[in-house]
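Chain residues, written in single-letter form:
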Amino acid sequence: MAHKVDLHVGKRIRQRRWLTGMTQQKLAELVGIKFQQIQKYETGANRVSASRLWDIADALDVNVAFFFEGMEGEGAEVTTSGKVPIDVMGDKEAMDLIRSYYAIPEDQRRRLFELARVLSDVA
């Protein structure tokens, strides 16, 4: 069974890769490994060495600390109320929305944000 830290780091690799629109193959090429190894990292099946994590962070244009953000101690998971998933970043629909949102030009994105706030207050 995979360690919870390995699962978390793998999940963060997948999220960042997906948000940037990068394939496993492309990330593997940038890091100098096979795409199957990226798959194993993302599922937590294999642990990522420090030097490899450094290379992955560089390829995904984030700080190494990014992969550990959101890591909490035992039993520290916080639940949410309403219809918001506990793990928003693990929700494919939310990830699609985030990626689409940042593809919109900034001035239009701001107007869309304001519209969403108004609609959510009405609901």
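For the structure, see preceding data.
### A short note on the overall build of the chain
So, point 1. Along the backbone of the chain there are six helices and zero strands.
So, point 2. Helices and strands appear in the chain in the N-to-C order α-α-α-α-α-α.
So, point 3. The 123 residues of the chain split such that 24% are buried.
So, point 4. Looking at the chain alone, contacts between residues at least 24 apart form 59% of all its contacts between residues at least 6 apart.

### Section: the pattern of salt bridges
Oppositely charged side chains can pair when the atoms bearing their charge come close.
So, point 1. If you walk through the whole model with that rule in mind, you get four salt bridges.
So, point 2. As a salt-bridge pair, Glu 42 and Arg 17 come within 2.6 Å of each other at their nearest N and O atoms. Of this pair, Glu 42 sits in helix 3 (residues 35–43) while Arg 17 sits in helix 1 (residues 4–19); the two residues are 25 residues apart in sequence, bridging distant segments of the chain.
So, point 3. A residue is classified by how much of its surface remains accessible, and Glu 42, at 5% relative accessible area, is buried.

### What about the nonpolar core?
So, point 1. Residues Ile 13, Leu 27, Ile 56, Leu 60 and Phe 67 are the most contacted members of the largest nonpolar core, which totals 17 residues.
So, point 2. Within the residue set of this core, elements represented by two or more residues are helix 1, helix 2 (24–31), helix 3 and helix 4 (50–59).
So, point 3. Considering each element in turn, this core owes the most residues, four residues, to helix 4.
So, point 4. Residue contacts for Ile 13: discarding those within four places in its chain leaves Leu 27, Tyr 41, Glu 42, Val 48, Leu 53, Ile 56, Leu 60 and Phe 67.

### Details of the packing of helix 1 against helix 5 (residues 92–103)
So, point 1. Orientation of helix 1 relative to helix 5, taken along the N-to-C sense of each, is 40°, at an axis distance of 10 Å. Relative to helix 5, the element helix 1 is oriented oblique. The hand of the helix 1/helix 5 crossing is right-handed. Contact residues: helix 1 offers Gln 15, Trp 18 and Leu 19, while helix 5 offers Lys 92, Met 95, Asp 96, Ile 98 and Arg 99.
So, point 2. Grouping the amino acids of the contact of helix 1 with helix 5 by side-chain chemistry returns four nonpolar, one polar and three charged.

### So, helix 3
Every α-helical turn comprises 3.6 residues, leaving residues that sit three or four positions apart pointing alike.
So, point 1. Taken together, the buried positions of helix 3 are Ile 38, Tyr 41 and Glu 42. Looking straight down helix 3, one finds that the buried residues subtend no more than 95° of arc, so they occupy a single side.
So, point 2. Buried residues in helix 3 make contact with helix 1, helix 2 and helix 4.
So, point 3. At the C-terminal side of helix 3, Gly 44 shows a positive phi close to 85°.

### Thoughts on a nonpolar patch on the surface
So, point 1. Residues Leu 112, Leu 115 and Leu 119 make up a contiguous nonpolar surface patch of about 270 Å² in total accessible area.
So, point 2. Assignment of secondary structure puts Leu 112 in helix 6 (residues 106–122).

### Comments concerning the environment of Ile 56
So, point 1. Locating Ile 56 in the fold gives a position in helix 4.
So, point 2. As a C-alpha pair, Ile 56 and Arg 17 span 39 residues in sequence and 9.5 Å in three-dimensional space.
So, point 3. Each residue touching Ile 56, except ones within four places of it in the same chain, is listed here: Ile 13, Leu 27, Val 31, Tyr 41, Val 48 and Phe 67.

The rules behind the values
- Residues numbered from 1 in each chain as written.
- Predicted model: local features only at pLDDT ≥ 70, side-chain atom pairs only at ≥ 80, totals over all residues.
- Heavy atoms only, no water.
- Helix = DSSP H or I, 4+ residues; strand = E, 2+ residues; numbered from the N terminus.
- Buried < 20%, exposed > 50% of the residue type's maximum accessible area, 1.4 Å probe, protein only.
- Contact = heavy atoms within 4.5 Å.
- Salt bridge = Lys/Arg side-chain N within 4 Å of Asp/Glu carboxyl O.
- Core = buried A, V, L, I, M, F, W, Y, C linked by side-chain atoms within 4.5 Å.
- Axes fitted to C-alpha atoms, helices over the stretch in contact; angles between N-to-C directions.
- Parallel < 35°, antiparallel > 145°, perpendicular 65-115°, else oblique.
- Left-handed = near helix turned anticlockwise from the far one by under 90°.
- Nonpolar A, V, L, I, M, F, W, Y, C, P; charged D, E, K, R; others polar.
- Arc of directions from axis to C-beta.
- Patch = residues over 30% accessible without salt bridge, like charges linked within 9 Å, V, L, I, M, F, W, Y side chains within 5 Å.
- Areas by Shrake-Rupley, 256 points an atom, 1.4 Å probe, with all protein chains shown as cover.

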